[in-house]
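As a plain string of letters, each chain reads:
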Amino acid sequence: MNSIVPTSISAVGVKIPVTVITGFLGAGKTTLLRNLLSQAHGRRIAVVVNEFGSLGIDGETLRSCGIEGCPDEDIVELTNGCLCCTVADDFLPTMRALIDRPQPPEHIVIETSGLALPKPLLKAFGWPDIRTRMTVDGVITLVDTPAVAAGRFADDPAAIAAQQAADPSFDHDNPLAEVFEDQLLSADLVVLNKTDLLDEAELENVEAEITALLPRKRVMLRAVEGKLDPAVLLGLDAGAEDDLMARPSHHDGADEHEHDDFDSFVVTVPEQNSADAFVKHLAKVAVQFDILRLKGFAAVKGKPMRLAVQGVGNRMRHAFDKPLTGDDRTGRLVVIGQKGLDRQAIETALQAH
């Protein structure tokens, strides 16, 4: 595996490179970022993690990664809103604070929320005091390949036609597809993740589908668990802030982007009797209520370690990740889905043993 070659930022005129990692909910952004940090080889990399909900899970996961040379102060977490909507309030002050450090980072990596649109974030690098000191090295869009293969972001033409026939004024809107496509349209590098879950024919179909969406040729790589050589991810030298016209968006021309199409809330859950039974229960609840994303932590009876859970649809992963401290054995789960989630019913279902 090639090492990352450090870049001096002390030279006059040299800008700090920034890599933006985007991708829909559950695509594996945090896993890819963790793999990247584990191969930093002493390079000072600062990380900005943005979450849609009010409870930060990804930042905490990175802080507990145990990677040498990855101090907690180099991981900055922004919660309760996507950066594409909070540029002035959250993003700009955060970036200014990073580059004003006595020892500024040699590279900055931004992990966006799974619902964020990259383009408004890229526009922020045009601000005068940012533009002279930073450049967007590249936008990496991670794709949940099995979700694309399952048609999660595709329209149902027959259903749309039936709705339009019943109501001529029907205005079709697919917020999942719009966010997914906007993330692809801003990409310099597309990473098809979780490719081990599909066969070759399915992978080729996904590649063809994504290629058809891209406005221009882009490098597309396959990955499992986000494992890629850092030399492939960093050093793209895209200068994306100067290339906005080539990165179209469904929301170009809009005054602002809202996330009214999505809901997010946190549910507390009691101590569980069994990790396996709990995870199976989560998968069942996710399918029942069409939840897009479930992630969080829980305690299991007789276990001193915390159970971390991550779910996309009915695909769940879990692991005991760190020792529990204190007497509180209450768990917390972040729930994200399309607008209209039945919060009370979901809370009741998740809290049931």
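Residues numbered from 1 in each chain as written. Predicted model: local features only at pLDDT ≥ 70, side-chain atom pairs only at ≥ 80, totals over all residues. Heavy atoms only, no water.

1. A look at the overall build of the chain
We count it as follows: The helix count covers DSSP runs of H or I at least four residues long, the strand count covers runs of E at least two residues long, and both are numbered beginning at the N terminus. Relative accessibility decides the category of a residue: with a 1.4 Å probe and only protein chains considered, values under 20% of the type maximum give buried, values over 50% give exposed, and everything between is partly exposed. Each accessible area value is a Shrake-Rupley result obtained with a 1.4 Å probe; residue values ignore everything except the protein chains displayed when judging cover.
Scanning the chain for helices and strands turns up 12 helices and 12 strands. Sorting the 353 residues of the chain into buried and exposed places 51% on the buried side. Of the roughly 16000 Å² of accessible surface on the chain, a fraction of 50% belongs to carbon and sulfur atoms.

2. A closer look at the sheet that holds strand 11 (residues 315-323)
Stated precisely, the cut-off is as follows: Two strands pair under a simple rule: DSSP has to find at least two bridges between them. In this description, a line fitted to the C-alpha atoms serves as the axis of each element, helices being fitted only across the stretch in contact, and the angle between N-to-C directions of two axes falls anywhere from 0 to 180 degrees. Contacts are residue-level and defined by heavy atoms, with any inter-residue pair within 4.5 Å sufficient.
Strand order in the open sheet formed by five strands is 8-12-9-10-11, with antiparallel pairing between adjacent strands. Taken across any chain shown, the strands that pair with only one partner, and hence form the sheet edges, are strand 8 (262-269) and strand 11. The sheet shows a mean angle of 15° between the axes of neighbouring strands, direction not considered. In this structure, strand 8 lies alongside strand 12 (residues 331-338), joined through eight bridges in antiparallel fashion. Residue Asp 263 lies in a different strand from strand 12, and its bridge partner there is Gly 337. Against the sheet, helix 11 (residues 275-288) touches strand 8, strand 9 (293-298), strand 10 (305-312), strand 11 and strand 12, its axis set at about 140° to strand 11.

3. Re the confidence of the model for the chain
Using the following cut-off: What pLDDT reports is the predictor's confidence in each residue, on a scale of 0 through 100.
This prediction gives the chain a mean pLDDT of 81; 77% of its residues lie at or above 70. Scored below 50 in pLDDT, residues 1-12 makes 27 contacts in the model with residues more than four places away or belonging to other chains. With pLDDT under 50 throughout, residues 156-164 is counted as low confidence; its partners more than four residues away or in other chains account for five contacts.

4. Focus: helix 8 (residues 175-185)
Of all 11 residues in helix 8, nine are buried, a share of seventy percent or more. Every buried residue of helix 8 is listed here: Pro 175, Leu 176, Ala 177, Val 179, Phe 180, Asp 182, Gln 183, Leu 184 and Leu 185.

5. A word on the packing of aromatic side chains
Spelled out, the test is: Centre distance within 6.5 Å is the pairing criterion for rings of Phe, Tyr and Trp, where only the six-membered ring of Trp is used; planes under 30 degrees apart are then read as stacked, over 60 as edge-to-face, and the remainder as tilted.
One pass over the structure, following the stated rule, counts two aromatic pairs. Pairing Phe 24 with Phe 153 gives two aromatic rings, centres 5.0 Å apart and planes at 80°, and the pair type is edge-to-face. Of this pair, Phe 24 sits in the loop between strand 1 (16-23) and helix 1 (29-37) while Phe 153 sits in the loop between helix 6 (145-149) and helix 7 (157-166), and the two are 129 residues apart along the sequence. In this structure Phe 24 comes out as buried when scored by relative accessible area, which is 6%.

6. A look at the side chain of Thr 22
Mapped onto the elements, Thr 22 comes out in strand 1. Residue contacts for Thr 22: discarding those within four places in its chain leaves Lys 29, Thr 112, Ala 116, Pro 118, Val 139, Ile 140, Thr 141, Leu 142 and Gln 183.

7. A word on unusual backbone geometry
Even without a glycine there, the phi angle at Lys 194 is positive, about 60°. Assignment of secondary structure puts Lys 194 in the loop between strand 6 (189-193) and helix 9 (200-213). The buried category is assigned to Lys 194, whose relative accessible area is 16%. Phi at Glu 225 is positive, roughly 60°, even though this residue is not glycine. By the element assignment, Glu 225 lies in the loop between strand 7 (219-222) and helix 10 (230-233).

8. Description of the pattern of salt bridges
If charged atoms from side chains of opposite charge come close, those side chains can pair. The condition that has to hold: The working definition used for a salt bridge is a side-chain nitrogen of Lys or Arg within 4 Å of a carboxyl oxygen of Asp or Glu.
Throughout the structure, instances matching the rule amount to 16 salt bridges. Across the salt bridge formed by Arg 152 and Asp 290, the nearest N and O atoms sit 3.5 Å from each other. Linking Arg 152 in the loop between helix 6 and helix 7 with Asp 290 in the loop between helix 11 and strand 9, this pair joins segments that are 138 residues apart in sequence. Here Arg 152 falls in the partly exposed class, since its relative accessible area comes to 30%.

9. Section: helix 9
Convention followed: To estimate the expected span of a helix, count its residues, drop one, and scale the result by 1.5 Å. The arc in question is formed by the directions pointing from the helix axis toward the C-beta atoms. Residues adjacent in sequence count toward polar contacts only when both atoms are side-chain atoms; beyond that, a polar contact is any pair of N or O atoms within 3.5 Å, and within protein one must be able to donate a hydrogen and the other to accept it.
Here helix 9 contains 14 residues, and its C-alpha end-to-end distance of 20 Å stays within 8% of the 20 Å for a straight helix at 1.5 Å per residue. Every buried residue of helix 9 is listed here: Leu 203, Val 206 and Ile 210. Seen end-on, helix 9 carries its buried residues on one side only, within an arc spanning 60°. For helix 9, the exposed residues set more than 90 degrees away from the buried face come down to Asn 205 and Ala 212. Turning to helix 9, the residues buried within the fold contact strand 5 (134-144), helix 6, helix 8, strand 6 and strand 7. Its side-chain oxygen 3.2 Å from the backbone nitrogen of Ala 201, Asp 199 forms the N-cap of helix 9.

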